[in-house]
Amino acid sequence: MDVIIFPLLQVLNIAIDMYIWALIISAILSWLVAFNVVNTRNQLVYNIGHFLDRITEPALRPIRRILPNMGTVDLSPIVLILFCYFLQMVISQLTFRLMQSGF
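Quick caveat: nothing in here was measured; it's all calculated off a predicted structure.

1. Structural notes on the layout of surface pockets
Where empty space is left can be seen by rolling a probe of water-molecule size over the atoms.
Then step 1. Considered as a void within the structure, the largest pocket measures approximately 340 Å³ in volume.
Then step 2. Residue assignment for the lining of the largest pocket shows that the elements contributing at least two residues are α1 (2–34), α2 (43–66) and α3 (76–101).
Then step 3. Per-element accounting of the lining of the largest pocket gives the leading share, seven residues, to α1.
Then step 4. In this structure, the second largest pocket spans a volume of roughly 150 Å³.
Then step 5. Looking at the second largest pocket, the residues that line it are Ser26, Leu29, Ser30, Val33, Thr40, Val45, Tyr46, Gly49, His50, Leu52 and Asp53.
Then step 6. Secondary structure elements with two or more residues in the lining of the second largest pocket: α1 and α2.

Right, dumping it as structure tokens:
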């Protein structure tokens, strides 16, 4: 059973890492678009931005409903990144406990 569980937990940890990077890139891209450094009329920029919005918005939307409105500052990506780090720590502890128990 550990042949399946340990690699599955590692893949889950890697997927969370990739999602954190997607959140960071999405936030940076939104700043670049807001300050007119990049233009969304460029097809590549539009496609990347659209993809990042589609994978990050479903998780950010509930957090935005809970957080107070801070004007132009959006703290929801920071909250979500902290939650992702929390999940990674839980997965690490679970892996460690499973290894100790000889599972």
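2. A closer look at α2
Then step 1. Here α2 contains 24 residues, and its C-alpha end-to-end distance of 34 Å stays within 8% of the 34 Å for a straight helix at 1.5 Å per residue.
Then step 2. The largest bend in α2 amounts to roughly 50 degrees and is located at glutamate 57, with the proline proline 58 lying one to four residues further along.
Then step 3. The set of residues buried in α2 consists of Val45, Gly49, Leu52, Thr56, Leu60 and Ile63.
Then step 4. Buried residues along α2 sit in contact with α1 and α3.
Then step 5. The N-terminus of α2 is capped by asparagine 42, whose side-chain oxygen sits 3.1 Å from the backbone nitrogen of leucine 44.

3. Brief notes about the side chain of glutamine 88
Then step 1. Here glutamine 88 is to be found in helix α3.
Then step 2. Here glutamine 88 falls in the buried class, since its relative accessible area comes to 10%.
Then step 3. Non-local contacts of glutamine 88, meaning those with residues more than four positions away in its chain, are made with Asn13, Ile16, Asp17 and Ile20.

Conventions and cut-offs
- Residues numbered from 1 in each chain as written.
- Predicted model: local features only at pLDDT ≥ 70, side-chain atom pairs only at ≥ 80, totals over all residues.
- Heavy atoms only, no water.
- 1 Å grid on protein atoms, 1.4 Å probe; cavity = no way out; pocket = protein on both sides within 12 Å on 5 of 7 lines; lining within 4 Å.
- Points joined across faces, edges and corners; volume = space filled by probe spheres on them.
- Helix = DSSP H or I, 4+ residues; strand = E, 2+ residues; numbered from the N terminus.
- Expected span 1.5 Å × (residues − 1).
- Bend = angle between axes of the 7 residues up to and from the residue.
- Buried < 20%, exposed > 50% of the residue type's maximum accessible area, 1.4 Å probe, protein only.
- Contact = heavy atoms within 4.5 Å.
- Polar contact = N/O pair within 3.5 Å; in protein donor to acceptor, adjacent residues only side chain to side chain.

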